[in-house]
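# Examination of the molecular architecture
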Amino acid sequence: MRSTTFRLTAAALAVTALTAGCADRGGVSEDAADYPSQDITLVVPYDAGGASDLAARTLAAGMEDSLGQSIIVENRSGGAGSVGLENLAGRAADGYSIGYLPVETVMLGYQGYDVDPGAYDLVGQMVSVPATIAVPEDSPYETLDDLVEAARSEPGSLSVSNSGAGSIWEAATTELGRATETEFQPVPFDGGAPAVTAAVGGQVDAVVAGISETAPAHADGRLRVLALFDSQPSDSLPGVETAAEQGVDVVIGGWGGIGAPAGLPDEVRTKLEEAFSEAADSDEFRTIIADSGNIPVNVPSEEFAQFVDQEHTRFGALLEGQD
């Protein structure tokens, strides 16, 4: 079951969300049993074309088949995902607005943004994105230990690009420094692609990014992935050891799921959860996500809510401890 904290936060928002829903829909109340009777909007808090957008659009296509209505993807990027997440939280809790919830959902509130995971009813998690660290192909650092030792010799001297201030990859860089008792210099870019490009071009010493962003460059020799921050190796990076296998106990990465403004009617929630599970279990979805280098999963709502609570606590300890 959901934790008491999560449920109470959601309940506190439910009355406001449901009232807003009536206003947003012209004051017309629809029997939840008739849901859905019109198109659904899926808010993605990032630009089109990225890994999160791909996962969201692929899942939406599968959910359309189950729900019998079109799902229109609306990209609202900015503020490390905060713009889209805040927009979603302010919409009606009627099931006609849902959204892609990334790991930043549990991080941004600790960084000054008005983002609270309790503002959403969680439908399910469908993707896991392990972090990696990679260096340019001509880098003198052949192993993770080489990189760490160089950082220890002069803490803060090695630059490590990431997808933006406040992002999971910046947090992963911080966590790597803590675990190895040294310090790296995070360099934020506007997205994972430019962060990887900066490493390929030698503008930074290393890059921390998702496996789907570094694996292609590793495969064609433009980057050398030194470690995967997951509990086990990946087929997408043959021969690359996890950080733990190299003596660095760090498991961290991104994830993505579907949520809606808190306060969904039970009938609506049930229909969304059923459609989500069917889409996340489809061969098409799993193949597309796996081919992108990420890990397809199908985590139901209550288990996802427990995981989100745990992640919220975990990142609070990490991010609130930063200077």
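Everything that follows concerns the structure shown earlier in this document.
Residues numbered from 1 in each chain as written. Predicted model: local features only at pLDDT ≥ 70, side-chain atom pairs only at ≥ 80, totals over all residues. Heavy atoms only, no water.

## A few points about unusual backbone geometry
Both trends apply: most residues other than glycine have a negative phi, and most peptide bonds are in trans. We count it as follows: Helix and strand assignments follow DSSP, with helices taken as H or I runs no shorter than four residues and strands as E runs no shorter than two, numbered in order from the N terminus. Here the term buried applies to any residue with accessible area under 20% of the maximum for its type, exposed to any over 50%, and partly exposed to those in between, with areas from a 1.4 Å probe on protein chains only.
Along the chain, Y35 connects to P36 via a cis peptide bond; the corresponding omega equals -5°. The topology assignment puts P36 in the loop between α1 (4-24) and β1 (40-44). The phi angle at E181 is positive, at roughly 55°, despite the residue not being glycine. One can find E181 in the loop between α5 (168-179) and β6 (185-188). Residue class for E181 comes out exposed when judged on its relative accessible area of 72%.

## Considering the pattern of salt bridges
For clarity, the threshold we go by: A pairing counts as a salt bridge when a side-chain nitrogen of Lys or Arg comes within 4 Å of a carboxyl oxygen of Asp or Glu.
For the structure on display, the rule yields 9 salt bridges. Put simply, D121 and R269 hold a salt bridge, and the shortest N to O gap is 3.1 Å. In this pair, D121 is assigned in strand β4 (residues 120-136) and R269 in helix α8 (residues 266-280), connecting sequence segments 148 residues apart. Residue E149 is joined to R152 by a salt bridge in which the shortest nitrogen-to-oxygen separation is 2.6 Å. Of this pair, E149 and R152 both sit in helix α4 (residues 144-153), 3 residues apart, roughly one helical turn. Judged by relative accessible area, R152 falls into the partly exposed class, the value being 38%.

## Concerning the packing of α5 against helix α10 (residues 301-319)
Applicable threshold: All axes here are fitted lines through C-alpha atoms, helices being fitted over the stretch that makes contact, and every angle between N-to-C directions spans 0 to 180 degrees. Each helix crossing is assigned a hand: it is left-handed if the near helix lies turned anticlockwise from the far helix by less than a right angle, otherwise right-handed if that turn is clockwise. Two residues qualify as a contact provided that any one of their heavy atoms is within 4.5 Å of a heavy atom in the partner residue. Nonpolar residues are Ala, Val, Leu, Ile, Met, Phe, Trp, Tyr, Cys and Pro. Charged residues are Asp, Glu, Lys and Arg, and all others, Gly as well, are polar.
Packing of α5 against α10 leaves a shortest axis separation of 11 Å and a crossing angle of 65°. α10 is crossed by α5, and the crossing has left-handed handedness. For the pair α5 and α10, contact is made by I168, A171, T174, E175 and R178 and by F315, A317, L318 and L319, respectively. Residues that form the contact of α5 with α10 fall into these classes: 6 nonpolar, 1 polar and 2 charged.

## Some points on the nonpolar core
Note the threshold: In plain words, nonpolar cores are sets of buried Ala, Val, Leu, Ile, Met, Phe, Trp, Tyr and Cys residues tied together by side-chain atoms within 4.5 Å.
Core analysis: the largest hydrophobic core is formed by 78 residues, its most contacted members being M63, M126, I133 and F315. At 9 residues, β4 tops the list of elements feeding residues into this core. Listed in part, the 16 residues of the second largest apolar core include V204, V207, I211 and V240.

## Quick look at the side chain of R224
Spelled out, the test is: Pairing of N or O atoms within 3.5 Å defines a polar contact, subject to two protein rules: one partner must be a possible hydrogen donor and the other a possible acceptor, and residues neighboring in sequence count only if both atoms are side-chain atoms.
With respect to the helices, strands and loops of the structure, R224 is situated in strand β8 (residues 223-229). Here E137 takes part through its backbone oxygen, which lies 2.9 Å from a polar atom of the side chain of R224. A distance of 2.9 Å separates a polar atom in the side chain of R224 from the backbone oxygen of Y141. The residues contacting R224, other than those within four sequence positions of it, are I133, A134, V135, P136, E137, S139, Y141, E142 and H218.

## Digging into the packing of aromatic side chains
Basically, it comes down to this: Aromatic rings from Phe, Tyr and Trp, with only the six-membered ring used for Trp, were paired whenever their centres fell within 6.5 Å, and each pair was classed as stacked if the ring planes differed by under 30 degrees, edge-to-face if by over 60, and tilted otherwise.
Taken as a whole, this structure holds 3 aromatic pairs when the rule is applied. Ring centres of W255 and F304 lie 5.7 Å apart, and the angle between their planes is 90°; on these two criteria the pair is classed as edge-to-face. You can see W255 sitting in strand β9 (residues 253-261) and its partner F304 sitting in helix α10, a full 49 residues away along the chain. This pair shows no difference in class: W255 is buried, exactly as F304 is. Seen from their ring centres, W255 and F307 are 5.5 Å apart, and the 65° between their planes marks the pair as edge-to-face. Of this pair, W255 sits in strand β9 while F307 is found in helix α10, placing the two residues 52 residues apart along the sequence. Look at W255 and you get buried, because its relative accessible area is 5%. These aromatic residues form a ring-pair network of at least three members: W255, F304 and F307.

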